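Residue-level structure breakdown
Each chain, letter by letter, is given below.
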Amino acid sequence: MNDDQWLAQRFETDRPRLEAVAFRMLGSSGEAEDAVQEAWFRLAASDTERIDNLSGWLTTVVGRVCLDQLRRRKSRAEQPMPTSFDGTVEIEPTALPGPADVEADPESAAVIADSVSLALLVVLETLEPAERLAFVLHDMFGVPFDDIGQIVDRTPTAARKLASRARARVRGTDVPQRKEVSKQRTVVEAFLAAARGGDFEALVSVLDPEITLRTDAAEVGQIIRGAAQIAGGAMTFAAMASSAQLVLADGKIGVISSLPNLPTRVLVFTVEGDKIIAMEGVTNPDRVRGMDLTLLDA
């Protein structure tokens, strides 16, 4: 085996992890593959004898390529909704990586990243590019802040702060008025449980009699009024609830949900006391990307 063959083999060994990093950064399998391919071009043009840690070098290059792409995308205000590598959206909600996961080896970290939920990808879209990079590389792949700082041209301390801010958004640790949010969450969780079970009476019990449901699914927003009429769509809610993950959406309790071949949907609830008085369904991709979304712990 000559040097070129060895280098190609090493690169292919790292490719799955690099694609996982790029996918979490960009939310698009096609762009992730392009970023990894760009890393290969740069590797082939480099003096590899001066690279002490090839895997680390490749991760750094992919991170910089993705950061540049995110910044260009932000300047154009173009953010594609995330899809998985097979072209379908990921819908299974999973636990976020905890402190023990951060120090995991690259192979374990890649497994963690592969279990990322659609809700997490949607929330990642709302972060600033540098925050997203710091969170993905450190919290999901265990990259040291010294290396992350070099990618974003900041000190390790500043890189740590970027990841901390992103983590607060992603894990909901900065959610204000936690007691009030907890009360609203109880009501919404009761709604979701009733929807999953197709329980009409239980649905009506958590809905205000004069509740309104607005949706942007049509060109002109549709409005449905009344608890009985809304609860009558229990089968529709059952499908949505099966993949729902709780979020704080523009300061209100909501859920992110997606089903195969259907757009991502954010359902936002307005709760007063122990009743839901209004709901809004948002499916327009531009509106979803423009929302201030924070995941709520399971």
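Parameters and conventions
Residues numbered from 1 in each chain as written. Predicted model: local features only at pLDDT ≥ 70, side-chain atom pairs only at ≥ 80, totals over all residues. Heavy atoms only, no water. Helix = DSSP H or I, 4+ residues; strand = E, 2+ residues; numbered from the N terminus. Buried < 20%, exposed > 50% of the residue type's maximum accessible area, 1.4 Å probe, protein only. Contact = heavy atoms within 4.5 Å. Areas by Shrake-Rupley, 256 points an atom, 1.4 Å probe, with all protein chains shown as cover. Expected span 1.5 Å × (residues − 1). Bend = angle between axes of the 7 residues up to and from the residue. Axes fitted to C-alpha atoms, helices over the stretch in contact; angles between N-to-C directions. Parallel < 35°, antiparallel > 145°, perpendicular 65-115°, else oblique. Nonpolar A, V, L, I, M, F, W, Y, C, P; charged D, E, K, R; others polar. pLDDT = per-residue confidence, 0-100. Salt bridge = Lys/Arg side-chain N within 4 Å of Asp/Glu carboxyl O. Phe/Tyr/Trp six-rings, centres within 6.5 Å; stacked < 30°, edge-to-face > 60°.

A word on the overall build of the protein. The helix and strand tally for the protein stands at 14 helices and seven strands. Taking all 298 residues of the protein together, the buried fraction comes to 49%. Pairs at least 24 residues apart make up 63% of the contacts formed inside the protein by residues separated by at least 6 positions. Accessible surface for the protein amounts to roughly 14,500 Å². Of this, 49% is attributable to carbon and sulfur atoms.

Moving on, we come to helix 1 (residues 3–26). With 24 residues, helix 1 should cover 34 Å at 1.5 Å per step; its first-to-last C-alpha distance of 32 Å lies within 8% of that length. The largest bend along helix 1 measures about 45° and falls at Arg15, with the proline Pro16 one to four residues further on.

We now examine the packing of helix 8 (residues 145–152) against helix 9 (residues 156–171). Where helix 8 meets helix 9, the closest approach of the two axes is 8 Å, and the angle between their N-to-C directions is 90°. Relative to helix 9, helix 8 is oriented roughly perpendicular. Contacts from Phe145, Asp146, Ile148, Gly149 and Val152 in helix 8 reach Pro156, Ala159, Arg160, Leu162 and Ala163 in helix 9. For the contact of helix 8 with helix 9, the per-class residue count stands at seven nonpolar, one polar and two charged.

We now examine the confidence of the model for the protein. Summarising the model, the protein shows a mean pLDDT of 78, and 77% of its residues fall at 70 or more. Considering only residues more than four positions removed or in separate chains, one finds that residues 78–115, a stretch of pLDDT under 50, has 84 contacts.

For the rest of this paragraph, the subject is the pattern of salt bridges. Considering all chains together, one arrives at twelve salt bridges under this definition. In this structure, Glu31 engages Arg73 in a salt bridge whose closest nitrogen and oxygen atoms are separated by 2.5 Å. Residue Glu31 is found in helix 2 (residues 29–44), and its partner Arg73 is found in helix 3 (residues 54–76); the two are separated by 42 residues along the sequence. A relative accessible area of 22% places Glu31 in the partly exposed class. According to the relative accessible area criterion, Arg73 is buried, its value standing at 2%. A salt bridge links Arg165 to Glu131; its shortest N-O distance comes to 3.1 Å. One end of the pair, Arg165, is in helix 9; the other, Glu131, is in helix 7 (residues 129–141), with 34 residues separating them in the sequence. The class of Arg165 is partly exposed, set by a relative accessible area of 44%. It is possible to trace a salt-bridge network through shared partners that takes in Glu31, Arg73, Glu125 and Arg132.

Going through the model one piece at a time under the given rule, you end up with two aromatic pairs. Aromatic pair Phe11 and Trp40: ring centres 5.1 Å apart, planes at 50°, arrangement tilted. Placement of the pair is Phe11 in helix 1 and Trp40 in helix 2, with a sequence separation of 29 residues. Trp40 gets classed as partly exposed once you look at its relative accessible area, which sits at 23%.

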